[in-house]
Amino acid sequence: MRDKTEIAVLVNGMRHVLGVTINDTLLDVLRDHLGLTGTKEGCAAGDCCACTVLLDGRPVNSCLVLAVEADGVQVTTIEGLAQEGKLDPLQEAFVQEGAVQCGFCTPGMLMSAKGLLRVNPKPSEAEVRKGIAGNLCRCTGYVRIVRAILRASDSTAVCQPVAREK
Amino acid sequence: MEKYLSFREYYAPATQQEALQLLLENGPAGRLLAGGTDLLVAMRDKGLGAERLISIKKISDFGGIGWMPDGGVRIGATTTLYEVEHSAAVKRAWPVLSQAAGAIGSVQIRNLGTIGGNVANASPAADTAPALLVLDAEMEIVSASGRKIVSADRFFTAPGKTVMERGEILAAIRVPPSATGARAAYVKFAPRQAMDIAVVGVAVALKLDGDGRCREARVALGAVGPTPMRARGAEAALVGEIDERSVETAAREASAEAKPISDVRASGSYRRHLVGVLIKRAVKLALAREHAAA
């Protein structure tokens, strides 16, 4: 058994003091220590962004953050988006637009979108696409995701119309 | 998925002295950790053995963006790529650097990865390198024997190698003041618009006089040689009147100066061709930039 280091993190508004090993990532801590399994591990190499969480408000790959380095930070995960049982407008828009298919990328996608709208409440379509450029989705083709993010934002931009699905 | 990080010790020194001490004590087993976006992946996936990690993120002198007395800017090595991309000062006076930092990875990666890491890892394709080369940037390197300054031009020596020796840490990058009439741009070619490594990257900086003639030019190339490089023949060709012919000559010179390899991303001859194409695009983009002095 490796030595544990104590860290204090604020996860979705709740303070946790946890014993972690130096090899644990923030993703390990969220999933295995706190049971917050909404955050997914895809590639574990920073390429798919399925593990995106907000660290002090900014989207990061939680698979690339050492837990010991998360001491003292604020983390928001997909579980922290809905407030008092009410879905976040982004989640609502994903449902409305049919932006969820298999669902594996969805938590990371939503956290990237949340991070984007936090600093840019009125993004253009291009800015939305840049904001989620790292998040891989193998089902949707992204169009409905982009539409959902624009719908949830204060933006007046609309996603370019697409041919109707047959 | 068994992708366990197997290092045995982790340090997060608060001062430069401690970090240098740890680096000397641990020898080759000790690796500096900043953003971790390259190092942790290399350890997990590419079998890079590092017994001890020395995080330098808590050292305040290695972080942040600050003005220098001469009107230049000092960017601490652990400043994230996102901070460089969005810094008001960088965007105003050195937009080419903001642009190059923003061309890297995803926003998630840019929120973790650092400019010092992008530079010190010395990838020939590092996006910030051509921008720093055309801005005449300097690297501030600290060691037990003090602080030294090395120009970006002399910093890179081989793929993954720089002039830095064991026991030295890249503390900051200094960018000199933006001269009157300075315009610069970075153009990257990659099959994908994001999350991709440059097949070729080209940065151009032009100093124009009052009537639009070019007093001085800088051209730098990425991913077409063992290190990011200046293309001095192309620079000479751009001095004077900038017109179709001089840009054509610059493109030809730069293509000839490039020393590209053929690899999975592109053949050497395609890279050479791209250099010429991108020089033209970069000059056009640089000329279109409004000048804003620091």
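Just so you know, these numbers come straight off a predicted model, no measurement behind them.

Here the focus is the overall build of chain B. Secondary structure summary: chain B contains 12 helices and 14 strands in total. Over its C-alpha atoms chain B spans a radius of gyration of 19 Å, differing by no more than 12% from the 19 Å that the globule rule assigns to 294 residues. Expressed as lengths along the three principal axes of its C-alpha atoms, the size of chain B is roughly 60 × 45 × 30 Å. Buried positions account for 55% of the 294 residues belonging to chain B. A separation of at least 24 residues holds for 61% of the contacts in chain B among residues at least 6 apart in sequence.

Below, the discussion takes up the pattern of salt bridges. Residue and element names in this part refer to chain B. Per the counting criterion, the structure on display carries 25 salt bridges over all chains. We note a salt bridge from Arg8 to Glu51, for which the minimum N-O separation is 3.1 Å. In this pair, Arg8 sits in the segment before strand S1 (9–11) while Glu51 sits in the loop between helix H2 (39–45) and strand S3 (52–55), placing the two residues 43 residues apart along the sequence. Owing to a relative accessible area of 34%, Glu51 belongs among the partly exposed residues under this scheme. With its nearest N and O atoms 3.1 Å apart, the salt bridge here joins Glu216 to Arg218.

Take the environment of Ala184 of chain B next. All names here are of chain B. In this structure, Ala184 sits in strand S11 (residues 182–189). For the pair formed by Ala184 and Leu221, sequence separation is 37 residues and the distance between their alpha carbons is 14 Å. Residue contacts for Ala184: discarding those within four places in its chain leaves Val96, Val204, Ala205, Ala286 and Arg289.

Residues and elements named next belong to chain B. Counting through the fold element by element, Ser98 comes out in helix H5 (residues 95–102). By relative accessible area, which is 10% here, Ser98 ends up buried. At 2.7 Å, the side chain of Ser98 and the backbone oxygen of Glu85 are in polar contact.

Contacts between chain B and chain A engage 35 residues on the former and 31 residues on the latter. Across the chain B to chain A interface the summed buried area is about 2,400 Å²; carbon plus sulfur atoms make up 55%. Where chain B touches chain A, the interface holds two salt bridges. Across the pair Lys130 of chain A and Glu85 of chain B runs a salt bridge whose closest N-O atoms are separated by 2.9 Å. For the pair chain B and chain A, the number of links is 12 residue pairs in polar contact (both at pLDDT 80 or more). Of all the elements in the fold, those that place two or more residues in the side of chain B that touches chain A are S1, H2, S3, helix H3 (81–86) and helix H6 (107–112) of chain B. The element that contributes the greatest number of residues to the side of chain B that touches chain A is H6 of chain B, accounting for six residues. Of the residues belonging to the side of chain B that touches chain A, the class tally is 16 nonpolar, nine polar and 10 charged.

For the rest of this paragraph, the subject is the sheet that holds strand S12 (residues 200–208) of chain B. All names here are of chain B. In spatial order, the strands read S11-S12-S13-S14; together these four strands make up an open sheet with antiparallel pairing. Each end of this open sheet is capped by a strand with a single partner; those strands are S11 and strand S14 (229–230). Bridge count between S11 and S12: eight bridges; the pairing is antiparallel. Opposite Val187, over in S12, you have Val202 as the bridge partner.

All names here are of chain A. With respect to the helices and strands, Glu97 occurs in helix H2 (residues 89–97). Residue class for Glu97 comes out buried when judged on its relative accessible area of 14%. Not counting residues within four places of it along the chain, the set of residues in contact with Glu97 comprises Arg144, Arg147, Ala148 and Arg151.

With that settled, the discussion passes to the domain arrangement of chain B. All names here are of chain B. In terms of domains, chain B is made up of domain 1 (9–55), domain 2 (60–175) and domain 3 (182–288). Each of domain 1 and domain 2 has a C-alpha centre, and the two are 19 Å apart. Listed by partner, the interface residues are 13 residues for domain 1 and 16 residues for domain 2. Summed over both partners, the interface of domain 1 with domain 2 comes to about 1,100 Å²; 67% of that surface belongs to carbon and sulfur atoms. Looking at the side of domain 1 facing domain 2, the largest losses of area belong to Gln16, Leu20 and Thr37, adding up to 41% of the total buried there. At the junction of domain 1 and domain 2, the tally comes to zero salt bridges. Summed over the shared surface of domain 1 and domain 2, the number is three residue pairs in polar contact (both at pLDDT 80 or more).

Relative to the elements of secondary structure, Ser112 of chain A occurs in helix H3 (residues 106–119). Judged by its relative accessible area of 1%, Ser112 of chain A falls in the buried class. A polar side-chain atom of Ser112 of chain A sits 2.7 Å from a polar atom in the side chain of Asn135 of chain A. When sequence neighbours within four positions are dropped, the list of residues in contact with Ser112 of chain A reads Thr52, Pro59, Gly131, Ile132 and Asn135 of chain A together with Gln108 of chain B.

With that out of the way, let us pick up the domain arrangement of chain A. Residues and elements named next belong to chain A. Its domain assignment divides chain A into domain 1 (5–80) and domain 2 (89–152). Just the C-alpha atoms count here: the centres of domain 1 and domain 2 sit 21 Å apart. Across the boundary between the two partners, domain 1 contributes 17 residues, which contact 13 residues of domain 2. In this assembly, domain 1 and domain 2 are joined by zero salt bridges. At three residues, strand S3 (residues 52–55) tops the list of elements feeding residues into the side of domain 1 that touches domain 2. Here the side of domain 1 that touches domain 2 is built from residues that sort into seven nonpolar, six polar and four charged.

Analysis parameters
- Residues numbered from 1 in each chain as written.
- Chains lettered and ligands numbered in written order.
- Predicted model: local features only at pLDDT ≥ 70, side-chain atom pairs only at ≥ 80, totals over all residues.
- Heavy atoms only, no water.
- Helix = DSSP H or I, 4+ residues; strand = E, 2+ residues; numbered from the N terminus.
- Rg over C-alpha atoms; globule rule 2.2 N^0.38 Å.
- Buried < 20%, exposed > 50% of the residue type's maximum accessible area, 1.4 Å probe, protein only.
- Contact = heavy atoms within 4.5 Å.
- Salt bridge = Lys/Arg side-chain N within 4 Å of Asp/Glu carboxyl O.
- Polar contact = N/O pair within 3.5 Å; in protein donor to acceptor, adjacent residues only side chain to side chain.
- Buried area = accessible area lost by both parts, 1.4 Å probe.
- Nonpolar A, V, L, I, M, F, W, Y, C, P; charged D, E, K, R; others polar.
- Pairing = 2+ DSSP bridges.
- Domains from an automatic or database assignment.

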